[in-house]
Amino acid sequence: MKLKKLMVCFLLLIGTFEAFSQNKLIQPPYLKAGDTVAIVAPSGILKNKLKEMEATRTLLKSWGLHTVVGKHVFNQANHFAGTDSERCEDYQNALDDPTISAIMCARGGYGTVRILDKLDYTKFKNHPKWLIGYSDITALHNQLHNEGFESLHAMMCTSMIDDLEAIKETISTFKDAIFGKPLSYTLEGSEYNKSGSSSGQLVGGNLTLLHTMLGSETSIDVSGKILFIEEVGEHKYHIDRMLQSLKRAGYFDNCKGVIVGDINKIRKNTTPWGSSIEQLILDALADYDFPIAFNMPAGHEDDNRALILGRTIKLTVDKDKSLVVFEE
């Protein structure tokens, strides 16, 4: 009997060690019918977005989910959806409430970084829940990753448009992710793809936010991980500047791969950059031998596929296609 107990303890220790060595993050419980989603606005103002908010609530209701909306969501404090304190209050209340199963951000924009240092994850850790959003919400994804939790890079309320057919993949992959169905993607090939295969936790989000976090406690250590990046509305030279800054800080030194999402609405400069955005990225990362996959449909386009940040993926990159397979 003593030997049997010792064996059980030994196996438990091995399991704990393996989880620790892999730095496996905590997965919030998947949603089920009857669960409640809180909608909050930690960033920009939601001016004239009532229709999109109601469309989101209708969608979630059709899946058997309840919704509650933060009391300050439609406030305005200049650029922001309420003052820093008001936006923080709504998000903190959702974090603390054990009856909430997921927190969906209404929109991005700018402003999340202003509330990061006011947040307390003590109660959240007793009742973890999914954070859902992209763009400026990358700041919260970073923070949650460093707290040890998975989160969901996916659609927000402002993603809802009149033509639901145009966002059918956005909606269906979001639904699959929150209800726990397996996720995998076959990406369109690219002559710019840097072939290879790798595995590791998927991290990242909006490049500007990753750059903004650099040097702070909410910057992500990408060692042994696969980095996803997307961007919108920037000049090519500024995208290069951010990549060079990250590179000089050692950000990519032990990275296992890069997945490039949508980089759209690139601003024209008086002096042309002289190459494609794909070549710009390859040039910036030329010193590294990890695989690089382009054409991930995620970011600031209608087709914005869900990504589980913090989840281990297997990445296989070739010129003709790339495979992204999430661990179950």
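Scroll up to find the structure this text is about.
Conventions adopted
- Residues numbered from 1 in each chain as written.
- Predicted model: local features only at pLDDT ≥ 70, side-chain atom pairs only at ≥ 80, totals over all residues.
- Heavy atoms only, no water.
- Core = buried A, V, L, I, M, F, W, Y, C linked by side-chain atoms within 4.5 Å.
- Buried < 20%, exposed > 50% of the residue type's maximum accessible area, 1.4 Å probe, protein only.
- Helix = DSSP H or I, 4+ residues; strand = E, 2+ residues; numbered from the N terminus.
- Contact = heavy atoms within 4.5 Å.
- Polar contact = N/O pair within 3.5 Å; in protein donor to acceptor, adjacent residues only side chain to side chain.
- Salt bridge = Lys/Arg side-chain N within 4 Å of Asp/Glu carboxyl O.
- Phe/Tyr/Trp six-rings, centres within 6.5 Å; stacked < 30°, edge-to-face > 60°.
- Pairing = 2+ DSSP bridges.
- Axes fitted to C-alpha atoms, helices over the stretch in contact; angles between N-to-C directions.

Some remarks on the nonpolar core
1) Next: By size, the foremost hydrophobic cluster in this structure holds 46 residues, and its most contacted members are Ile132, Leu152, Phe174, Tyr185, Leu202, Ile259 and Phe326.
2) Next: Broken down by element, this core gets its largest block of residues, four residues, from helix 6 (residues 168–179).
3) Next: In this structure, Met242, Leu246, Tyr251 and Leu285 belong to the second largest nonpolar core, which totals 27 residues.

Things to note about the environment of lysine 247
1) Next: Relative to the elements of secondary structure, lysine 247 occurs in helix 8 (residues 236–248).
2) Next: Separated by 37 residues in sequence, lysine 247 and alanine 284 place their C-alpha atoms 8.0 Å apart.
3) Next: With sequence-adjacent residues up to four places away left out, lysine 247 is seen in contact with Phe252, Ala284, Asp287 and Tyr288.

Brief notes about the environment of serine 43
1) Next: With respect to the helices, strands and loops of the structure, serine 43 is situated in the loop between strand 1 (36–40) and helix 2 (50–62).
2) Next: Accessibility expressed as a relative area gives 0% for serine 43, which makes it buried.
3) Next: In sequence terms serine 43 and threonine 270 are 227 residues apart; their C-alpha atoms lie 31 Å from each other.
4) Next: Contact partners of serine 43, with chain neighbours within four places excluded, come to Phe80, Ala81, Arg87, Arg107, Gly108, Gly109, Tyr110, Gly111, Thr112, Asp136 and Ile137.
5) Next: Polar side-chain contacts of serine 43 include one of 2.7 Å to the side chain of aspartate 136.

Some points on the pattern of salt bridges
1) Next: Scanning the entire structure with this criterion turns up 10 salt bridges.
2) Next: With its nearest N and O atoms 3.1 Å apart, the salt bridge here joins glutamate 89 to lysine 71. Of this pair, glutamate 89 sits in helix 3 (residues 84–96) while lysine 71 sits in the loop between strand 2 (66–69) and helix 3; the two residues are 18 residues apart in sequence, bridging distant segments of the chain.
3) Next: On the accessibility criterion, lysine 71 (61% relative accessible area) is exposed.
4) Next: One connected set of salt bridges, linked through shared partners, spans Asp84, Arg87 and Arg114.

Concerning the packing of aromatic side chains
1) Next: Going through the model one piece at a time under the given rule, you end up with 11 aromatic pairs.
2) Next: On the numbers, 5.9 Å between centres and 15 degrees between planes, the contact of tyrosine 30 with tryptophan 130 is stacked. One end of the pair, tyrosine 30, is in the loop between helix 1 (2–21) and strand 1; the other, tryptophan 130, is in strand 4 (residues 130–133), and 100 residues separate them in sequence.
3) Next: Classification of tryptophan 130 as buried rests on a relative accessible area of 1%.
4) Next: When the centroid spacing of 6.3 Å and the interplanar angle of 65 degrees are considered together, the rings of tyrosine 192 and phenylalanine 294 count as edge-to-face. Residue tyrosine 192 is found in the loop between strand 6 (184–188) and strand 7 (196–206), and its partner phenylalanine 294 is found in the loop between strand 10 (292–293) and strand 11 (307–309); the two are separated by 102 residues along the sequence.
5) Next: Here tyrosine 192 falls in the partly exposed class, since its relative accessible area comes to 22%.

Looking at the pairing of strand 7
1) Next: A large share of strand 7 lies buried, amounting to eight of its 11 residues.
2) Next: The pairing of strand 7 with strand 12 (residues 312–317) spans six bridges and is antiparallel. Residue pairing for strand 12: serine 199 is matched across the bridge by lysine 314.
3) Next: In terms of strand pairing, strand 7 meets strand 8 (residues 226–232) through five bridges, oriented parallel. In the strand pairing of strand 8, glycine 204 is matched with phenylalanine 228.

Observations concerning the sheet that holds strand 4
1) Next: In space, the six strands of this open sheet follow the order 2-1-3-4-5-11, with mixed pairing throughout. Of all the strands in the sheet, the pair left with one neighbour each is strand 2 and strand 11. The sheet shows a mean angle of 25 degrees between the axes of neighbouring strands, taken without regard to direction.
2) Next: Where strand 1 and strand 3 (residues 100–105) come together, five bridges link them in parallel fashion. By the bridge assignment for strand 3, valine 40 is matched with cysteine 105.

So, the sheet that holds strand 13 (residues 321–326)
1) Next: Across the sheet, which stays open at both edges, the seven strands sit in the order 6-13-12-7-8-9-10 with mixed pairing between neighbours. This sheet does not close on itself; its edge strands, each paired only once, are strand 6 and strand 10.
2) Next: Sheet analysis places strand 9 (residues 257–264) next to strand 10, joined by two bridges and oriented parallel. Bridge pairing in strand 10 places isoleucine 259 opposite alanine 293.

Geometric descriptors of this kind do not, in isolation, establish any biological role.
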